[in-house]
Amino acid sequence: MNSISKTDKYNAVLGGTVDIEENATILTKNGLLTNYQEFQKPHPETNIVGRSIKFLFSLLKNRQTPEKENTAQGYRQKQVDIRDFSFNLVTTNNRGEVINTSQGYARSFLEDLGNGVELEMVEIPAGKFLMGSNKQGCDWEFPQHAVKLPTFFMSKYPITQEQYTAIAGLNPSRFKGDQLPVENVSWNNAVSFCEELTKVTGKSYTLPSEAQWEYACRAGTRTPFYFGYTINSDLVNYNGNYSYGLVHKQNFRQKTIDVGSFTPNAFGLYDMHGNVYEWCLDDWHSNYNGAPNNQNPWFTGNSRWKVVRGGSWNTSPQDCRSTSRSLHMADTAYGDIGFRLVLNVS
């Protein structure tokens, strides 16, 4: 696992980011792309016509999604057990008060990382949304633009220290705890983790593109936070010394907390606001002029500056908004930056 600890490695796991049909349900393992130029090359088509017929009835009957398993004879199809799960949702007003509760439903599958450690991946439905801010954001959150995305899977929580150690064999985090989010990892470290996980599982795990991240965070909402117009420290782990809207001084924990401690969004994703910033694949751009209108990451060449999203335990609620974005160098690591994973569907 030496590649995990290297900070000078500058490549990306980009399997499955080509445009696909919205209702596609077959997971494929594409070859790893080792540089940005290779991302621009056409992906070879996979012959799935015959296999699609065989899987049609099992998909309809079992509500399961085929994946590919690495064997000595090559890849073979097996079934991924996608199951429903439920969760509680809350809505807040401009004072950060909970004004409504409801029940949410989503689907996920479990990835076995070995030694009893699992990774839960949540199905994010295909859809369209307006990315960016329309009035209250910073200059780099404009212009607002329409984006269309196919179905993909995203990890239910930020990657935990237990999960990171299971694949990387080490734990670089400042705050220690199996169920705490891993932090103090660079973009390069996170990408190397994706590559190692891909080797272990035979599926092309990657960091989310910035468009995927914001779409998944919003989960159909248009308010600053997926909870509503503002937040409080009972819903998000942030620096409570800062105010937002009509919510003033709150609790400042000064550290990360266990993933899943708070209420999720309508897609069933936890901790998209606060706790730790999350790396995205994209190079940093100072605005959205020329941004992709699909799920693909936005690269400019060999930029060392990468996007982080979601805010952290040490930032203001302003930085935790769904549209808020910031940047760090790819080889830097801090105690409030972690990541979560995406598995694209094709």
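Residues numbered from 1 in each chain as written. Predicted model: local features only at pLDDT ≥ 70, side-chain atom pairs only at ≥ 80, totals over all residues. Heavy atoms only, no water.

Some thoughts on the sheet that holds strand 11 (residues 305-309)
Here is step 1 of the chain: The sheet built from four strands is open, its strands ordered 12-11-10-13 with mixed pairing. On the outer flanks of this sheet lie strand 12 (325-329) and strand 13 (337-338), each paired with one strand and no other.
Here is step 2 of the chain: As defined by bridge partners, strand 11 adjoins strand 12 across five bridges and the pair is classed as antiparallel. Across the sheet, residue V307 finds its bridge partner in strand 12, namely L327. (Pairing = 2+ DSSP bridges. Helix = DSSP H or I, 4+ residues; strand = E, 2+ residues; numbered from the N terminus.)

Brief notes about helix 4 (residues 161-168)
Here is step 1 of the chain: Restricting attention to buried positions, one finds in helix 4 the residues Q161, Q163, Y164, I167 and A168. Angular distribution of buried residues about the axis of helix 4 spans 160°; they occupy a single face of the element.
Here is step 2 of the chain: Just downstream of helix 4 lies G169, where phi reads positive at about 80°. (Buried < 20%, exposed > 50% of the residue type's maximum accessible area, 1.4 Å probe, protein only. Arc of directions from axis to C-beta.)

Points about the side chain of K156
Here is step 1 of the chain: Inspection of the secondary structure assignment puts K156 in the loop between strand 8 (152-155) and helix 4.
Here is step 2 of the chain: The exposure class assigned to K156 is buried, which follows from its relative accessible area of 9%.
Here is step 3 of the chain: Every residue in contact with K156, bar those within four places of it in the chain, is listed here: F85, E120, V122, G268, L269, Y270 and R340. (Contact = heavy atoms within 4.5 Å.)

Here's the deal with the sheet that holds strand 8
Here is step 1 of the chain: The strand order across the open sheet built from six strands is 3-4-5-8-14-9, with neighbouring strands paired in antiparallel fashion. The open sheet has two edge strands with one neighbour each: strand 3 (83-92) and strand 9 (205-206).
Here is step 2 of the chain: As paired strands, strand 4 (residues 98-114) and strand 5 (residues 117-124) are joined by six bridges and run antiparallel to one another. Each residue of the ladder has a partner; that of D112, found in strand 5, is E118.
Here is step 3 of the chain: Helix 4 rests against strand 4 and strand 5 of the sheet, and its axis sits at about 110° to strand 5.
Here is step 4 of the chain: Against the sheet, helix 6 (residues 210-218) makes contact with strand 5, strand 8 and strand 14 (342-344), and its axis sits at roughly 75° relative to strand 8, the strand it touches most. (Axes fitted to C-alpha atoms, helices over the stretch in contact; angles between N-to-C directions.)

Description of unusual backbone geometry
Here is step 1 of the chain: In this structure, P143 follows F142 across a cis peptide bond, with omega equal to -10°.
Here is step 2 of the chain: Relative to the assigned elements, P143 resides in the loop between strand 6 (127-131) and strand 7 (145-149).
Here is step 3 of the chain: Even without a glycine there, the phi angle at Q254 is positive, about 65°.
Here is step 4 of the chain: Here Q254 shows up in the loop between helix 6 and strand 10 (277-283).
Here is step 5 of the chain: Positive phi, close to 70°, is recorded for N275, a residue that is not glycine.
Here is step 6 of the chain: Looking at the element boundaries, N275 is found in the loop between helix 6 and strand 10.
Here is step 7 of the chain: Judged by relative accessible area, N275 falls into the buried class, the value being 1%.

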